Amino acid sequence: VTASVPWARKGSGFTLLMEAMMLEFCAHMPVAAAARMVGEHDTRLWTLLKHYVDKAHAASDWSDVNVVAIDETSTRKGHTYCTNVLGTGSRGQRLLFMTEGKDSECVGAFAAEMPDHGATPEQVGRVAIDMSKAYVKGVAEHLPQAQVSFDPFHVMKLCGDACDEVRKEVARSVGGLPKGALWSLRGNRRRLTAEAAAQREELCRQYSEIGRAMAMREYLQDAWRYVDVEEAREHLDYFCSWAQRSRLAPFVKLGRTIRTHMKGILGYYPIYLTSAMIEAVNGNIQAARRRARGFRNFAYMRTICYWIAGRLQLNLPPLKPAPF
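Residues numbered from 1 in each chain as written. Predicted model: local features only at pLDDT ≥ 70, side-chain atom pairs only at ≥ 80, totals over all residues. Heavy atoms only, no water.

Caption draft 1: Layout of the pairing of strand β2 (residues 80-89). With 9 bridges joining them, strand β1 (residues 67-76) and β2 adopt antiparallel strand pairing. Counterpart to V68 in the pairing with β2 is G87. If you look at the hairpin formed by β1 and β2, you'll find 3 residues sitting between the two strands, and G78 has a positive phi there, around 95°. Pairing of β2 with strand β3 (residues 92-100) involves 8 bridges; the strand directions are antiparallel. Bridging across to β3, G87 finds its partner in R94. Remark: 2 residues form the turn of the hairpin made by β2 and β3, two consecutive strands paired antiparallel. (Pairing = 2+ DSSP bridges. Helix = DSSP H or I, 4+ residues; strand = E, 2+ residues; numbered from the N terminus.)

Below, the structure is given as structure tokens:
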């Protein structure tokens with residue numbers, strides 16, 4: 001006969017005090033290291049940790065969430081990814097959901113789980129994503145009321161790639177550019193050394209293609225300083241027209257891309273919604289992955305991320321012995 005006792009959880013194999021101590025260890029070190037300290041196999045600690053994290057995550061309330069950010073991050077070496085959803089509401093920012101893959105159905109899985117946490121897909125008013133076709137499709141299908149916002153970082157990255165293509169074409173046509181041209185033509189002017197800035201100006205004078213590309217890049221960068229959406233739209237429209245008349249194939253393509261995604265790009269205004277918050281969470285996830293030297297499976301990785309990045313309160317038993 002197995003009796004229920006006030007100082008242990010049924011089926012645990014540990015007292016509540018021992019569970020609290022092991023979970024405290026897991027909060028500050030890899031699970032494998034905590035297992036060695038207490039002389040147990042790490043799978044027993046993972047089972048314990050997963051029990052409390054799953055219980056706390058199931059009880060988490062998403063009813064205040066009205067803005068979400070969606071992005072993917074790698075789970076192991078190779079092209080293995082998971083989709084993360086970060087929510088913002090009256091309770092602050094927190095990691096809400098993780099699932100394997102990076103297709104449109106990942107957004108559907110998040111929307112399907114929302115009712116279990118006191119929320120509905122219709123309450124999400126804004127969503128920050130990159131220009132992934134899968135996420136654009138998923139948001140359109142499963143978060144019908146959400147206004148998409150594309151991060152300016154991703155737009156400028158496309159512009160930077162276009163500048164690189166122009167530089168390569170010029171280098172091929174003239175038999176190579178001076179040493180250091182790669183780095184002097186990348187990044188913002190204010191971050192360059194005096195030598196690199198001088199080299200950039202010289203390259204722009206010598207090669208009209210590079211000069212036009214850098215001028216268009218700096219003009220596009222000014223688009224993110226507007227307060228009024230209509231003024232930003234006029235600025236971006238002019239950039240697209242300029243790019244498509246530039247006779248530079250990479251910028252002609254960029255102009256078409258920006259016109260296609262104009263609505264999402266303008267979703268950045270007026271609250272300047274970006275993906276910076278989800279990128280920061282992805283950085284924390286990768287830090288936890290490095291600290292653990294990788295995870296045995298995705299369930300273990302999700303458990304740690306829900307606990308640390310999700311700010312879950314596990315309601316652990318007190319570390320002092322119960323008075324009985």
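That shown, we press on.
Caption draft 2: Layout of helix α9 (residues 208-221). End to end, α9 covers 20 Å across 14 residues, agreeing with the expected 20 Å (1.5 Å per residue, within 8%). Of the residues making up α9, those classed as buried are I210, G211, A213, M214, M216, R217 and L220. On its buried face, α9 sits against α6 (152-174), α8 (194-206), α10 (229-244) and α11 (249-260). (Expected span 1.5 Å × (residues − 1). Buried < 20%, exposed > 50% of the residue type's maximum accessible area, 1.4 Å probe, protein only. Contact = heavy atoms within 4.5 Å.)

Caption draft 3: Layout of the nonpolar core. Among the nonpolar cores identified, the biggest contains 95 residues, and V68, I70, V139, F251 and I258 are the most heavily contacted of them. If one sorts the elements of this core by residue count, α6 sits on top with 8 residues. With sequence-adjacent residues up to four places away left out, V139 is seen in contact with I70, V107, V127, I129, P144, A146 and V148. (Core = buried A, V, L, I, M, F, W, Y, C linked by side-chain atoms within 4.5 Å.)

Caption draft 4: Examining the layout of surface pockets more closely. Estimated volume of the largest pocket: approximately 230 Å³. Lining the largest pocket are 17 residues, with A280, V281, N284, I308 and A309 sitting closest to its centre. Where the lining of the largest pocket is concerned, the elements lending two or more residues are β3, α13 (276-291) and α14 (298-308). It is α13 that provides the largest number of residues to the lining of the largest pocket, a total of 8 residues. (1 Å grid on protein atoms, 1.4 Å probe; cavity = no way out; pocket = protein on both sides within 12 Å on 5 of 7 lines; lining within 4 Å. Points joined across faces, edges and corners; volume = space filled by probe spheres on them.)

Caption draft 5: A look at helix α3 (residues 42-58). Here α3 is 17 residues long and its end C-alpha atoms lie 24 Å apart, about the 24 Å a rise of 1.5 Å per residue gives. Those residues of α3 that are buried lie in contact with α1 (16-26), α2 (31-38), β3, α4 (104-113) and α14.

Caption draft 6: The packing of aromatic side chains, seen in detail. Applying the stated criterion to the full structure yields 11 aromatic pairs. Between the aromatic rings of W46 and Y300, the centroid separation amounts to 4.2 Å while the plane-to-plane angle is 0°, which identifies the pairing as stacked. With W46 in helix α3 and Y300 in helix α14, this pair connects stretches of sequence that are 254 residues apart. Both residues of the pair, W46 and Y300, count as buried. (Phe/Tyr/Trp six-rings, centres within 6.5 Å; stacked < 30°, edge-to-face > 60°.)

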